[in-house]
Amino acid sequence: MIPLDRILLSSLMLLSVHSAHAVEGQKIFTQGGAQPAAMACVSCHGADGLGLAAAGFPRLAGLPAGYLSKQLEDFRSGSRTSPVMQPLAKALAEDEIRAVTQTLAAMPAPATPVITRSATPDGLGERLALRGAWDRQVPECVTCHGPGGVGLGQTFPPLAGQSAAYLTAQLNAWRDGTRRNDPDDLMGHIAKSLSAEEVTAVAEYFSKVNSQESRP
Amino acid sequence: MILRLSFPLVFSLLATSVQAASIAMEDQSQLQTPAAVSHAQYFQPPAESELPNNAYGKMVRDGYALFVDTKRMAPNFVGNGLNCSNCHLGQGRVANSAPLWGAYPMYPAYRQKNDKVNTFAERLQGCFQFSMNGGTPPTADSKEITALSVYAYWLASKAPLGVELPGRGYPEVAKPAQGYDIARGEQVFKAQCAVCHGDTGQGQKLGQDYVMPPLWGKDSYNWGAGMHRINTAASFIKHNMPLGKPGTLSDQQAWDVAAFVNKHERPQDPRLVEGSIEKTRDKFHANDGVNLYGQTLDGVLIGQGIR
């Protein structure tokens, strides 16, 4: 299932990890935490942490540690729900969360092309990404998530390189209110203004943006 | 041929260096803004798909690109980290966010106060000098001003000339009876603004480019920009912030947080009179809305500027 180059890449990474935190984090990533319920990340998110698109398991590699640890905290408190992740997050200790999120943040992310807002959008998904839908106060996705959806700071996660299945599921969770762990309801508010067709289109767009050419 | 060309070139270089000291549009005081209209049928600018595939369409696209990516497209004229689209949301299309379709038909504008007529080109030059802290602005016939003017003209297609359209500017939010409170504004800032603009208003960058605009400091608008007025910032904030959630702050919160933002240092007003903040206040700020320039707050003189 997993391409050979991805296995090789993650093996190389294993060898190149040095700091004490990263070593422990790496162990949690590949083998799980001290408690048995804290299952290893690799089993669902892949050896390279890039996720399993078909199953809708998201990419974790290269996501900011602050964003990842907030999600784990939110799974623990129940402000973000997932039958798999909630018990898992509850079984992780604070220092394990710190370690594993730092390891994940340091893992290589897919390269995102530079697509500036001045590019002319092609199709509904890219139009939402680069132009928004301001008649409904929906800002351009890239205004917060950065050019190409590469992500910004610790708060705005990358959209690029996430699978369409994961992005669609999250947008739908924001829409129906089952996910509500964003600051100030910024994302919930936007998702509720999107149509089902727009959700599918914009999720498709960001899932494939990494294969596009840069358009600076 | 070469000689004939070089004379105008030298002349234009001279003209540029002379212009460096002058201010394109000295009077930056605000034009009257209509009150917000509820449930108004706002003017609808044309869709991007309607653009013709010719030189006109291309120039509109050039103007659009400059508008949303100003810092990268016109680095010589942007001295801070801002883009036009930071204060004119939705690419200059959105009502109550100083849309270009609301501005373009109001120029040339006559200002009784100094008995002057300002063209749209001068207005754009003013944006570059003050909001973008850009030093000498592009000349009125430059490709930048031309492309931006063409983009604004296109957005205003079929709009009536000289008519104040609903949604023009940032509709005035009246000063609350209690005035404003900077300490309360700081609380609003921390709760609702810092997530994007940073704890110290510094914005957020990816590499060299700002994604979230800085609200004060050396990379923000200068002391001559319209946004330095608390009333203008309050109106902008009320109608446009937090992003995607306009109208969710109370008038009081909008004024409080606008005052908090605009008490911070930013680049000096390029119209600085004889190096004196006091004289600059008297000439340009004393009668220009509500602002803190040249005032003393907690023992500190505001308006000293920052490089």
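Bear in mind the structure is a predicted one, so any value in this text is a computation, not a measurement.

Caption draft 1: Up close: the overall build of chain B. In terms of helices and strands, chain B carries 11 helices and 6 strands. Classification of the 307 residues of chain B by burial places 53% in the buried group. Of the roughly 14,700 Å² of accessible surface on chain B, a fraction of 56% belongs to carbon and sulfur atoms.

Caption draft 2: Region of interest: the state of the cysteines. Here the structure, examined in full by the defined rule, presents 0 disulfides over all chains. Cys41(A) takes part in no disulfide bond, and the closest cysteine sulfur, belonging to Cys44(A), lies 9.4 Å away.

Caption draft 3: Up close: the packing of aromatic side chains. All names here are of chain B. All chains considered together, the criterion is met by 16 aromatic pairs over all chains. With centroids separated by 6.4 Å and ring planes inclined at 20°, the aromatic side chains of Tyr180 and Trp255 adopt a geometry described as stacked. Here Trp255 lies in helix α10 (residues 251–261) and Tyr180 lies in the loop between α7 (143–155) and α8 (182–197), a separation of 75 residues in the sequence. The exposure class assigned to Tyr180 is partly exposed, which follows from its relative accessible area of 26%. A ring pair is formed by Phe189 and Phe260, whose centres lie 5.4 Å apart and whose planes are at 50°; its orientation type is tilted. With a gap of 71 residues between them, Phe189 in helix α8 and Phe260 in helix α10 connect regions that are remote in the sequence. You can call Phe189 buried: its relative accessible area is 1%. One aromatic cluster is present, formed by Tyr56, Tyr104, Tyr107, Phe120 and Tyr153 through successive ring pairs.

Caption draft 4: Expanded view of the layout of surface pockets. The calculated volume of the second largest pocket comes to roughly 1,000 Å³. If you go around the second largest pocket, you meet 42 residues; those closest to its centre are Ala133(A), Trp134(A), Asp135(A), Arg93(B) and Val94(B). Residue assignment for the lining of the second largest pocket shows that the elements contributing at least two residues are α7 (124–131) of chain A together with α2 (55–68), α4 (89–92), α7 and α9 (230–240) of chain B. Of all the elements, α2(B) adds the most residues to the lining of the second largest pocket, at 5 residues. Both domains that furnish three or more residues to the lining of the second largest pocket are identified here as domain 1 (20–155) and domain 2 (182–301) of chain B.

Caption draft 5: Quick look at empty space enclosed by the protein. All names here are of chain B. Here the structure, examined in full by the defined rule, presents 1 cavity of 30 Å³ or more. Within this model, the largest cavity holds a volume of roughly 810 Å³. What lines the largest cavity is a set of 39 residues, among which His88, Ala98, Arg123, Cys127 and Tyr170 lie closest to the centre. It is helix α6 (residues 120–131) that provides the largest number of residues to the lining of the largest cavity, a total of 8 residues. A domain-level breakdown of the lining of the largest cavity finds at least three residues from each of domain 1 (20–155) and domain 2 (182–301).

Caption draft 6: Structural context of the side chain of Arg117(A). The residue Arg117(A) is located in the loop between α6 (94–106) and α7 in this model. The exposure class of Arg117(A) is buried, given its relative accessible area of 18%. Here Glu140(A) takes part through its side chain, which lies 3.1 Å from a polar atom of the side chain of Arg117(A). Sequence-distant contacts of Arg117(A), defined by excluding residues within four places in its chain, comprise Leu130(A), Arg131(A), Glu140(A), Val142(A), Thr143(A), Tyr64(B), Val68(B), Ser85(B) and Gln91(B).

Caption draft 7: Quick peek at the interface of chain A and chain B. If you look at the interface, chain A gives 28 residues, while chain B gives 25 residues. Taking both partners together, chain A and chain B bury about 2,200 Å²; carbon and sulfur atoms supply 62% of that area. Together, Trp134(A), Leu152(A) and Asp184(A) form the three largest contributors to the area buried by chain A at its contact with chain B, with a combined 26%. Where chain A meets chain B, there are 2 salt bridges. Taking the shortest distance from any N to any O, the salt bridge between Arg131(A) and Glu48(B) comes out at 2.7 Å. Class assignment for the residues of the side of chain A that touches chain B results in 13 nonpolar, 10 polar and 5 charged.

Caption draft 8: The arrangement of the pattern of salt bridges in detail. Applying the stated criterion to the full structure yields 21 salt bridges over all chains. The partner of Glu73(A) in a salt bridge is Arg76(A), with the nearest N and O atoms 3.6 Å apart. With Glu73(A) and Arg76(A) both in helix α4 (residues 65–77), this residue pair falls 3 residues apart, about one helical turn. Judged by relative accessible area, which is 28%, Glu73(A) ranks as partly exposed. Residue class for Arg76(A) comes out partly exposed when judged on its relative accessible area of 24%. In this structure, Asp62(B) and Lys58(B) form a salt bridge, with 3.0 Å as the shortest nitrogen-oxygen distance. One end of the pair is Asp62(B) and the other is Lys58(B), both in helix α2 and 4 residues apart, which spans about a single turn. Look at Asp62(B) and you get partly exposed, because its relative accessible area is 33%. What you see here is one network of salt bridges that share partners, running through Glu73(A), Arg76(A) and Glu94(A).

Caption draft 9: Up close: the nonpolar core. Counting 78 residues, the largest nonpolar core has Phe67(B), Trp101(B), Phe128(B), Tyr151(B), Phe189(B), Met227(B) and Ile237(B) as the members making the most contacts within it. Top element by residues in this core is α7(B). It accounts for 8 residues. Both domains that meet at this core, namely domain 1 (20–155) and domain 2 (182–301) of chain B, each give it at least three residues. With sequence-adjacent residues up to four places away left out, Phe128(B) is seen in contact with Thr70(B), Phe77(B), Val78(B), Asn133(B), Gly134(B), Pro137(B), Pro138(B), Ile145(B) and Leu148(B). Counting residues in hydrophobic clusters, the runner-up holds 25 residues, among them Ala129(A), Ala133(A), Leu171(A) and Tyr205(A).

Cut-off values and rules
- Residues numbered from 1 in each chain as written.
- Chains lettered and ligands numbered in written order.
- Predicted model: local features only at pLDDT ≥ 70, side-chain atom pairs only at ≥ 80, totals over all residues.
- Heavy atoms only, no water.
- Helix = DSSP H or I, 4+ residues; strand = E, 2+ residues; numbered from the N terminus.
- Buried < 20%, exposed > 50% of the residue type's maximum accessible area, 1.4 Å probe, protein only.
- Areas by Shrake-Rupley, 256 points an atom, 1.4 Å probe, with all protein chains shown as cover.
- Disulfide = S-S within 2.5 Å.
- Phe/Tyr/Trp six-rings, centres within 6.5 Å; stacked < 30°, edge-to-face > 60°.
- 1 Å grid on protein atoms, 1.4 Å probe; cavity = no way out; pocket = protein on both sides within 12 Å on 5 of 7 lines; lining within 4 Å.
- Points joined across faces, edges and corners; volume = space filled by probe spheres on them.
- Domains from an automatic or database assignment.
- Polar contact = N/O pair within 3.5 Å; in protein donor to acceptor, adjacent residues only side chain to side chain.
- Contact = heavy atoms within 4.5 Å.
- Buried area = accessible area lost by both parts, 1.4 Å probe.
- Salt bridge = Lys/Arg side-chain N within 4 Å of Asp/Glu carboxyl O.
- Nonpolar A, V, L, I, M, F, W, Y, C, P; charged D, E, K, R; others polar.
- Core = buried A, V, L, I, M, F, W, Y, C linked by side-chain atoms within 4.5 Å.

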